[in-house]
Amino acid sequence: MSVSRSWPIVLKSATDRDSRLLREFAEFWKVPYQFTTRNEGGSLVFTTQATHLPHGYEDTTIVVSPSCKEDFDKVVREYGLETSSKICLIHLPVGPSVKVSLRTEVHEFSGSRVEPVIRAGEVTILSKIRGTRVYLLSVDLLSEYSKRIYGGIEERPSKRFWFASKLPFSYQTIPRFIRDRSFRSGQGLAEITEEKLSPVECLRTIFLASLVTVCGPIPKIGFWRKGKSCALVVTHDVETLAGLQMGAQTLLRVERSLAIRSTWNVPSDRYPLSSQALRDLRDSGEIGGHDTLHDGRLSFLDMKAKAQRLRDCRERLERLIEHPVHGFRAPLLQHSSELVAAVATAGYRYDSSCPSWEILSPTSMGPHGVGSIFPFEVANILEIPVSLPQDHQLMRVAGEKPPAAVDLLLRLSRWIQGLGGPCVLLVHPDYEFGMVEWESEYRRLLEHFASDPSCDIMTLGEMSDWWRYRARAQWVATEVNPSIVSPDGGARGVELQAELVTAYGSDGFTTERLPS
């Protein structure tokens, strides 16, 4: 099947902020796009403003995605419509039996000329003005996306945590049973829902579904290597010496038997480290930085002190393992735009400190997350969210036993895999899964992924390298269909999977793989 003659998609906006966000939507799916309108007709213009294109563009299709209330008001005036606004919980299909959800404000257009095109239950998401090629989105994609992603990065420490950080001793000196009790959540597992984990995926679905619906087949690049439809990254934050010496061995026994390589994030100065112990972990995957002292005070340092502390951590670990350290994860999953900038300044390539969603952040003392399961760029760093609830949240905060925790992780993993997403797992060797008596449950969890040939199992560093590689790929026009230009050429270029999204309906996207 050939692609729509409307490609590449033309993105238009009035501000640099909106242009950047539109680019992020298009780059996520890796669909062909440009920022200037072609001279010939037949284009598809995805714009943030109500607009009438000049003479000669009558066969141009326009999708209007207002990016603020004023833009919605302009659409109403421009086309003589009415609108009503309400907060709705939207459910949209992505594939058979797989949906994404978002609670947001919806501005539904109405009038004699308006007909619904995409609906979520009783809510109209995309409508068309009869007799025209103009389509209107009812959701402010850009503002909602910015709020979820960039607002989610900014985690405000609670007064309670601020006070604890000012104590003359580390919070780690407080007995663990007292810390665990203080981190109990009344909401528990009720906070772990698809709506909370990935509302951003609902926004991205709306973007692509609108393109396919209004102009026909759209080419995109698959998320993972050819033959793979989802991914797994196993990560471990090694908080204590006991976790390094004992719990890690239990986890490694399972992982080695399943040929799974994992990422081990280690604090550089909290407990005695030996080169041999770290090299064993490096040889079983890779080593990442995890601060120097793991004392919870990282968020309260100024920018210069943050960067120096992170650099000290990286350089000491590199000396011990005689190998570069490219990744960082903050203790307690602390995160902010300044901390991410410090990660870049300290010489790391990627960060994995933001949860998609967690029940109770130790820093803010409330539920928190960035609302996306996929990697994204911020401050010249690739942020790889922890997309699955970490073991500490499930067993120490929600009070679940390991079998129930594994059941939940498997359920959420199947849903993430249905989205084609990455399952980023965080397991501490210091907690239950590092105990011999729960080894079989940890094995049950990992066997789900190891037995799936469509799952791309990698380390955080490998995911970072792949995601950046995919980001550099581009589409070029040919006489029949577009083709992918590999950024680096060579053997790796053939791993990029060209796909064609042919339709969007009640079972989500219909996609076929294109030959190389």
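In this text, all values refer to a predicted model and were calculated from it rather than measured experimentally.

Let us now look at helix H14 (residues 439-450). The terminal C-alpha atoms of H14, which comprises 12 residues, lie 16 Å apart, in line with the 16 Å expected from a rise of 1.5 Å per residue. Those residues of H14 that fall on the buried side of the exposure criterion are Glu439, Glu441, Tyr442, Leu445, Leu446, His448 and Phe449.

Turning next to the sheet that holds strand E23 (residues 508-513). The sheet built from three strands is open, its strands ordered E10-E22-E23 with antiparallel pairing. Unpaired on one side and paired on the other, strand E10 (218-221) and E23 mark the two borders of the sheet. In this sheet, adjacent strand axes meet at a mean angle of 40° when their direction is disregarded. Sheet topology places E10 next to strand E22 (residues 498-505); four bridges connect them, and they run antiparallel. Bridged to Lys220 within E22 is Glu499.

If you look at the biggest cluster of nonpolar residues, it comprises 139 residues, and the most contacted ones within it are Ile9, Phe46, Ile125, Leu141, Trp224, Leu310 and Leu446. The biggest single contributor to this core is helix H7 (residues 199-215), with 11 residues. With 12 residues, the next largest nonpolar core counts Tyr79, Leu81, Val114 and Val134 among its residues.

To continue, consider the side chain of Gln417. Summarising the element assignment, Gln417 is placed in helix H13 (residues 402-418). On the accessibility criterion, Gln417 (14% relative accessible area) is buried. Once residues lying within four places of it in the same chain are set aside, the contact partners of Gln417 are Ser229, Cys230, Cys423, His448, Phe449, Asp452 and Cys455.

In terms of residue burial, strand E12 (residues 262-266) counts as a mostly covered element, since five of its five residues are buried. In terms of strand pairing, strand E11 (residues 230-237) meets E12 through three bridges, oriented parallel. Within the sheet, the bridge partner assigned to His236 lies in E12 and is Trp264. Two elements, E12 and strand E13 (residues 285-289), share five bridges in a ladder whose sense is parallel. Looking across to E13, one finds that Ser262 is bridged to Gly285. You can see the chain leave E12, run along helix H9 (residues 275-283) and come back into E13, and the turn it takes is right-handed.

Let us look at helix H15 (residues 460-472). Working note: α-helix, 3.6 residues per turn, so residues spaced by three or four point in the same direction. Look at H15: 19 Å from first C-alpha to last across 13 residues, which is about the 18 Å you get at 1.5 Å a residue. Buried within H15 are the following residues: Leu460, Gly461, Met463, Ser464, Trp466, Trp467, Tyr469 and Arg470.

At a minimum axis separation of 10 Å, helix H8 (residues 241-257) and H14 run at an interaxial angle of 35°. Seen along the crossing, H8 lies across H14 with a hand that is right-handed. Residues Thr250, Leu251, Arg253, Val254, Glu255 and Ser257 of H8 form the contact with H14, whose own contacting residues are Glu439, Tyr442, Arg443 and Leu446. Broken down by class, the residue content of the contact of H8 with H14 amounts to four nonpolar, two polar and four charged.

Glancing now at the packing of aromatic side chains. Applying the stated criterion across every chain yields a total of 19 aromatic pairs. Ring geometry for Phe28 against Phe223: centres 5.2 Å apart, planes inclined by 50°, an arrangement best described as tilted. Pair noted here: Phe28 is in helix H1 (residues 16-29) and Phe223 is in the loop between E10 and E11, with a separation of 195 residues, a long-range link. Phe223 shares its class with Phe28; the two are buried. Taking the centre distance of 6.4 Å and the plane angle of 75° together, the rings of Tyr145 and Tyr150 count as edge-to-face. Members of the aromatic cluster, connected to one another through ring pairs, are Phe28, Trp29, Phe223, Trp224, Phe374, Trp467, Tyr504 and Phe509. Stacked on the ring of Tyr150, the Lys or Arg Arg20 has its end atom at 5.3 Å from the ring centre. Sitting over the ring of Phe28, Arg204 keeps its end group 4.0 Å from the ring centre.

Calculation rules
- Residues numbered from 1 in each chain as written.
- Predicted model: local features only at pLDDT ≥ 70, side-chain atom pairs only at ≥ 80, totals over all residues.
- Heavy atoms only, no water.
- Helix = DSSP H or I, 4+ residues; strand = E, 2+ residues; numbered from the N terminus.
- Expected span 1.5 Å × (residues − 1).
- Buried < 20%, exposed > 50% of the residue type's maximum accessible area, 1.4 Å probe, protein only.
- Pairing = 2+ DSSP bridges.
- Axes fitted to C-alpha atoms, helices over the stretch in contact; angles between N-to-C directions.
- Core = buried A, V, L, I, M, F, W, Y, C linked by side-chain atoms within 4.5 Å.
- Contact = heavy atoms within 4.5 Å.
- Right-handed = clockwise from strand over helix to strand, strands pointing away.
- Left-handed = near helix turned anticlockwise from the far one by under 90°.
- Nonpolar A, V, L, I, M, F, W, Y, C, P; charged D, E, K, R; others polar.
- Phe/Tyr/Trp six-rings, centres within 6.5 Å; stacked < 30°, edge-to-face > 60°.
- Lys NZ or Arg CZ within 6 Å of the ring centre and 35° of its normal.

Any link to function would need more than the numbers given here.
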